[in-house]
Amino acid sequence: MNIAIVTGASSGLGREFILELDKQPEFDEIWGIARRRERLEELASMIKTPMRILTLDLTDPESFQEITRLLERKTPVIRLLINAAGFGKIGSYKDISAEDCSRMIDLNCKAAVEMTQLSLPYMKKGSRIMEICSTAAFQPLQYLNVYAASKSFLYRYSRALGAELSGTGIRVTAVCPYWIRDTEFIKKAQKTKDSRYIRGFPFASRRKNVVKTALADSRLGIPVSTPGPVCYIHRIGAWLIPDSLLMAIWELLRKL
């Protein structure tokens, strides 16, 4: 049985990835992982590909034991893993709780790594991994500090893992989108004591465009997907400009 696994499947990019994967004939089943069962059930009713609903919280270690048991029982071939679960918080360090900081690290970093490690034994030549990072991975971002640091971790993990898997036929793509206007991310990120440190989100992209570009890049084996011109410019800028200057530029941009 050839399957795709998508985390963060109940909304945003995760949901859009499943809608797009449903158009492709290579999967016998899609496994959707998220906390909100009703959202997953609604999504499953919208697609033709059979979808296994896994109502799990990936910040809970028990969830990975359940996934491990299911993989051992079904022994599928994982053709595609998309780690799309994640969240961020906008604000000063004093406005974001220690609990939220820990949960960001647990979901954005630990959960993605653990899902990847659990999945690799069930992958074969031609299988793909997509780690959903962010352009935030390219530089330190004040007032988005833990989120940016967590995405930098995931980005560098993806690049290193891709190098380790060279020659196996398993490809890894770090997907690094800019702000996306039609997901819940921005609205949830603003739910802090004071989110006015980032005032606007100019040139924000749309999830459908991000998903289509990222999937195309993954099929081509491109190690870093920058789905949009702003993402690409940011990546190039991060190669050329020192972090201190990038943070000074961000200090101006975040006030626009």
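Below or above, wherever it landed, is the structure these notes cover. (Residues numbered from 1 in each chain as written. Predicted model: local features only at pLDDT ≥ 70, side-chain atom pairs only at ≥ 80, totals over all residues. Heavy atoms only, no water.)

**With respect to the pairing of strand β4 (residues 77-83)**
Across a regular strand the side chains alternate sides, sitting on one face of the sheet and then on the other. In terms of burial, β4 is a largely internal element, seven of the seven residues being buried. When strand β1 (residues 2-7) meets β4, the two strands line up parallel, connected through six bridges. Considered in β4, the bridge of N2 is made with V77. With four bridges connecting them, β4 and strand β5 (residues 128-132) associate as parallel partners. Looking across to β5, one finds that I82 is bridged to M130. For the crossover from β4 across helix α4 (residues 98-119) to β5, the handedness is right-handed. (Buried < 20%, exposed > 50% of the residue type's maximum accessible area, 1.4 Å probe, protein only. Helix = DSSP H or I, 4+ residues; strand = E, 2+ residues; numbered from the N terminus. Pairing = 2+ DSSP bridges. Right-handed = clockwise from strand over helix to strand, strands pointing away.)

**Things to note about the pairing of β5**
With respect to burial, β5 is a largely interior element, five of its five residues being buried. In β5, alternate side chains face the same way, and those of R128, M130 and I132 on one face and I129 and E131 on the other are all buried. Sheet analysis places β5 next to strand β6 (residues 171-175), joined by five bridges and oriented parallel. When the sheet's bridge partners are listed, E131 is paired in β6 with A174. Chirality of the crossover, the property in question, places the unit of β5, helix α5 (residues 145-164) and β6 among those that are right-handed.

**Quick word on the environment of P121**
You can see P121 is positioned in the loop between α4 and β5. Sequence spacing of P121 and L71 is 50 residues, and the spatial spacing of their C-alpha atoms is 9.9 Å.

**A few points about the sheet that holds strand β3 (residues 51-55)**
In space, the seven strands of this open sheet follow the order β3-β2-β1-β4-β5-β6-β7, with parallel pairing throughout. Each edge of the sheet is formed by a strand with only one pairing partner; in this case those strands are β3 and β7 (224-225). With respect to the sheet, helix α1 (residues 12-21) is in contact with β1, β2 (29-34), β3, β4 and β5, its orientation differing from that of β1 by roughly 160°. Helix-sheet contacts for helix α3 (residues 61-74) involve β2, β3 and β4, and the interaxial angle to β2 is about 170°. (Contact = heavy atoms within 4.5 Å. Axes fitted to C-alpha atoms, helices over the stretch in contact; angles between N-to-C directions.)

**A closer look at the side chain of S225**
Residue placement: S225 occurs in strand β7. Overall, S225 belongs to the buried group, its relative accessible area being 0%. When residues no more than four places from it in sequence are discounted, the contact partners of S225 are T173, A174, V175, C176, T213, A214 and D217.

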